[in-house]
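Structural overview
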Amino acid sequence: MATETHETERKYDLDDFDPGAPLPGLGSVPGVRAETGGEVHELDAVYYDTADLRLASTRATLRRRTGGDDAGWHLKLPVGGDTREELRLPLEEPGAETAGAGSGVERAGAGSGAETAGPGSGGGAGEREPGGRAADGDSGGGAVPEEFVRVLAARTRGAALVPVVRLRTRRTTRLLRDAEGRALAEIADDAVRAERLDGQERASGWVSWREAEVELTEAGTAALLDGVEERLREAGIRRAAGPSKLARALTDTGTPPPPLAPAAERDTAGGHLLRYLRAQYLAFLDHEAGTRRARPDSVHKARVALRRTRSALRSHRALLDRARVDALRAELKWLAGELGADRDREVLEKRLRELLADVEGPLLLGPAEARLTAWAVRAGDTSRARALAALDDPRCRALLDDWANLLAAPPLTPAAVRPAPKHFRKAIKKERRRSRRLLTRALALPHGPARDVALHEARKKTKRLRYAAESARPVLGKPAKRLTREAKALTSLLGDHHDGVEARAALLRLATHAQTAGEPGFTWGLLYGREEGRAREYERRARAYEAEMARRWAGGE
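Okay, so let's go over this structure. As the structure is a computational prediction, the values presented were derived from the model and not from experiment.

Now for the overall build of the chain. Check the secondary structure of the chain and you find 14 helices and nine strands. Expressed as a percentage of the 557 residues in the chain, the buried residues total 50%. Surface accessibility of the chain: about 25700 Å² in total, with carbon and sulfur atoms responsible for 51%.

Along the polypeptide, Asp178 turns up in the loop between β6 (162–177) and β7 (183–196). For Asp178, a relative accessible area of 8% corresponds to the buried category. Polar side-chain contacts of Asp178 include one of 2.7 Å to the side chain of Arg182. Ignoring sequence-local partners within four residues, the contact set of Asp178 consists of Gly31, Arg33 and Leu184.

Counted residue by residue, β6 has twelve buried out of 16 residues, so it is predominantly covered. Taken together, the 15 bridges between strand β2 (residues 34–49) and β6 define a ladder with antiparallel strand orientation. Along β6, the bridge assignment pairs Leu43 with Thr169. A loop of five residues connects β6 with β7, the two strands running antiparallel in sequence, and Gly181 in this loop sits at a positive phi of about 85 degrees.

In a regular helix each residue adds 1.5 Å, so 13 residues correspond to 18 Å; helix α4 (residues 222–234) covers 19 Å between its end C-alpha atoms and thus fits that length. Of all the positions in α4, only Leu224, Leu225, Gly227, Val228, Glu229 and Leu232 are classed as buried. Tucked into the core, α4 has its buried residues touching β1 (3–13), β6, β7, β8 (206–216) and β9 (238–239). Of the residues one or two after α4, Gly236 is the one with positive phi, at around 85 degrees.

The next subject is the environment of Pro414. Following the sequence through the fold, Pro414 ends up in the loop between α10 (394–408) and α11 (420–444). Sequence-wise, Pro414 and Leu320 are 94 residues apart; in three dimensions their C-alpha atoms are separated by 8.8 Å.

This brings us to the environment of Asp70. Tracing the chain through its elements places Asp70 in the loop between β3 (61–66) and β4 (72–80). A C-alpha to C-alpha distance of 8.7 Å links Asp70 and Arg88, two positions 18 residues apart in sequence. Asp70 has contacts with Arg65 and Arg88, leaving out every residue within four places of it along the chain. Here Arg65 takes part through its side chain, which lies 2.8 Å from a polar atom of the side chain of Asp70.

One pass over the full model with this rule turns up 66 salt bridges. Here Glu35 ties to Arg174 by a salt bridge, and the two come within 2.3 Å at their closest N and O atoms. Here Glu35 is found in strand β2, whereas its partner Arg174 is found in strand β6, with 139 residues between them in sequence. Classification of Arg174 as buried rests on a relative accessible area of 19%. Linking Glu431 and Arg434 is a salt bridge whose minimum nitrogen-to-oxygen distance equals 3.3 Å. Taken together, the residues Glu431 and Arg434, both in helix α11 and three residues apart, mark about one turn of the helix. The pair Glu431 / Arg434 is uniform in exposure class, with both members buried.

We now examine the packing of helix α9 (residues 368–392) against helix α13 (residues 478–516). Viewed as axis vectors pointing N to C, α9 and α13 meet at an angle of 115 degrees, and their least axial separation amounts to 11 Å. The hand of the α9/α13 crossing is right-handed. For the pair formed by α9 and α13, the contact residues are Arg371, Leu372 and Trp375 on the first element and Leu510, His513 and Ala514 on the second.

The subject of this paragraph is the packing of helix α6 (residues 269–292) against helix α7 (residues 298–315). The geometry of α6 relative to α7 is characterised by a closest axis approach of 8 Å and an angle of 155 degrees between their N-to-C directions. One element, α6, and the other, α7, form an angle in the roughly antiparallel class. Here α6 runs over α7; the crossing is left-handed. Here α6 contributes Leu273, Tyr276, Leu277, Gln280, Ala283, Phe284, His287, Glu288, Gly290 and Thr291 to the contact with α7, which in turn contributes Ser298, Val299, Lys301, Ala302, Ala305, Leu306, Arg308, Thr309, Ala312 and Leu313. Grouping the constituent residues of the contact of α6 with α7 by class yields eleven nonpolar, six polar and three charged.

Every α-helix winds through 3.6 residues per turn, so residues three or four apart in the chain are directed the same way. For α7, which comprises 18 residues, the first-to-last C-alpha distance of 26 Å matches the rise-based estimate of 26 Å (1.5 Å per residue) to within 8%. Of all 18 residues in α7, 13 are buried; the element is thus mostly enclosed.

Turning our attention to the pairing of β2. Here β2 pairs with β3 via five bridges, running antiparallel. When the sheet's bridge partners are listed, Tyr47 is paired in β3 with Arg63.

A separate point is the packing of aromatic side chains. What the rule picks out here adds up to three aromatic pairs. The interplanar angle of 50 degrees and the centroid separation of 5.2 Å between the aromatic rings of Tyr48 and Trp73 together place this pair among those described as tilted. Of the two residues, Tyr48 sits in strand β2 while Trp73 sits in strand β4, which places them 25 residues apart along the sequence. For Tyr48, a relative accessible area of 1% translates into the label buried.

The subject of this paragraph is the side chain of Gln280. When you line up the elements, Gln280 lands in helix α6. With near-sequence residues (within four places) excluded, Gln280 lies in contact with Ala305, Arg308, Thr309 and Trp403.

What follows covers the nonpolar core. Membership of the largest hydrophobic core comes to 52 residues, with the highest contact counts inside it found for Phe284, Leu335, Leu339 and Trp403. Element by element, the count of residues in this core is highest for α6, at eight residues. Residues in contact with Trp403, not counting those within four places in the same chain, are Gln280, Tyr281, Phe284, Leu306, Thr309, Leu328 and Leu332. The next biggest cluster of nonpolar side chains, apart from the first, holds 20 residues, and it includes Phe17, Leu176, Leu184 and Ala185.

About the thresholds
Residues numbered from 1 in each chain as written. Predicted model: local features only at pLDDT ≥ 70, side-chain atom pairs only at ≥ 80, totals over all residues. Heavy atoms only, no water. Helix = DSSP H or I, 4+ residues; strand = E, 2+ residues; numbered from the N terminus. Buried < 20%, exposed > 50% of the residue type's maximum accessible area, 1.4 Å probe, protein only. Areas by Shrake-Rupley, 256 points an atom, 1.4 Å probe, with all protein chains shown as cover. Polar contact = N/O pair within 3.5 Å; in protein donor to acceptor, adjacent residues only side chain to side chain. Contact = heavy atoms within 4.5 Å. Pairing = 2+ DSSP bridges. Expected span 1.5 Å × (residues − 1). Salt bridge = Lys/Arg side-chain N within 4 Å of Asp/Glu carboxyl O. Axes fitted to C-alpha atoms, helices over the stretch in contact; angles between N-to-C directions. Left-handed = near helix turned anticlockwise from the far one by under 90°. Parallel < 35°, antiparallel > 145°, perpendicular 65-115°, else oblique. Nonpolar A, V, L, I, M, F, W, Y, C, P; charged D, E, K, R; others polar. Phe/Tyr/Trp six-rings, centres within 6.5 Å; stacked < 30°, edge-to-face > 60°. Core = buried A, V, L, I, M, F, W, Y, C linked by side-chain atoms within 4.5 Å.

Have a look at this one:
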C-alpha cells in the first residue's frame, strides 16, 4: 500500500538569474537561524500520462523516479493552495502487482541504467535514435502500479498511461534551520533537462532550464514561505508561471496540457457557468480518488460536487442545449444516488450513536450498543461496496466522458452571451419562488408521513436555491452570499428533519430485530419517541423561518 504525505512548496523561475550564481542567502528570513547542506543529487524521472494529457489537465502528476532519497513511484494530487498530497510506492520488486494488459496502462520500456545529466552537461539526452527515443537510457522502467491505476481511474477514463516526458535534474539542496536546529524548509536549486517521449516534441526534442523549489518540513509554516519569497523577490526572482516541472516541460517541448474548458468571455453568463462547472468537475475527481482510498468525508464531498453540477445544469438550463444537459443530469442523479447510500449510512450511524449516548444508565436496557454496532458494520460493508461498484461501472465511465466532453465543447445557446448579472438574478428568483412554494405547501399538511415527504421535497428545492446562489457569488457579490447563507440554514434544518425520519425508520427496524431475538425493546422505543419530539420542533422552526422569509422577500430583500 502507498505511503501518504503532504508537501507544501513554491516554485521559482531562475531563467533571468545569473546561470553561474548561487541562490541568495536566506539566513536573514524571520525565524531562520542557519542554512546547512549543499548536497547535490542526480534525479531521473519519467512522467506518465494519457496520450491527450488527462492527468496534467486535471492537476495530477505521476512519475517513476530514480536517484535521491525518495526513489520510487510518486503520484501527486491537488489539495489546495501550495499543498499537494503525494502517494509513494517503491520501485518494482519481484512479484509486485502492476497493471498489465487490459488495465488501461501500456508498458513503455524497461531498465533504468541511464546516467543523469543536467542542463549544459552534454549528457546523452540530446543524442536521439531515429525513432525519437533517447539513445542512452530508459523511457519507462515498468508498468504503472495497479494501486495508482485505480486511484486515477476517473481521470484516465480507461485511456492508457504511457511515458510522456523524461526529466533529468541536478539538484543542489540546503536546509533552513531554526534556533533549535530543526529543519524548517528545504531549498532546492534545480538544473533541469526535459525531453518528450510521446512523439509530440518540437524539432529540438528537449529543453533545459533552472528553477528553485522551497518546500516546508513539518516544523515550517506558511509565514516562513512568505518570508523566503520576499527575500527571493528582492533578488529579482519571481514565482514560476506554471504549477510544476511537468507543465513547463510539456509546454516548452511542444504540446501543453489542454484546458478542460475553452476560454469564455469573463462577464458573460456562459463564461461564469463554465468556470463553476469546471470547478465541480475537478472537485469530483479529487474526492472520487479519496473515496477509493477510504479518505474521511470523501464520499460526501464527491456527492456534493455531483449535486452542485446537476443543480447548476438545471438552474441555468437556458444557457445550454437541453438535450445534452438533461441526459447528463439523469446520469449525475444516478451516480449521486449510488454514492448516497454510503453517505446516508454514515449520517444515520452518527445520529443513532449520539441518541444512544444520551440515554441514562437505567434506561439503557439490553445489548443496545452491541446491536447498533453489528448493524453499522453490516450496513457499512454493503454501502461502501455499492459505492465502489458504481465507480467501477462502465456507466460511470460513460458519464465522466460525457461530463468532460460537455466542458471541452460546451453546447452553449445564444443566451450564454448575455451579461452575467441579469441572468443570475433571474435564475435565483425562479429557484427562490420554487423553494418557498414547496415549503409553504408542506407546512400546510398535517404532521405525519405526507408532511415528511413534502418537507424532503422542499429541502431538495432549497438546496438547489443554495447552489444557484453559490454559483452567483462571483457575479452578484454580497446579496448572493447572504442568500447562500440563508438557504444553507434552511437546508440544514430540513435536513435534520429528514435525518430524523430516517432515524425513526431505523429505530423501528432495530426494535423489531431486538424483539425477535428476545431482547428488551424499551430503549429503542424511548429513542423513537425522542426523535418524534425533535421532528415537531424542526417543523416549528421551519414555520417560523418560512414566515420570516415571506416577510423579507415580500419587502423586496
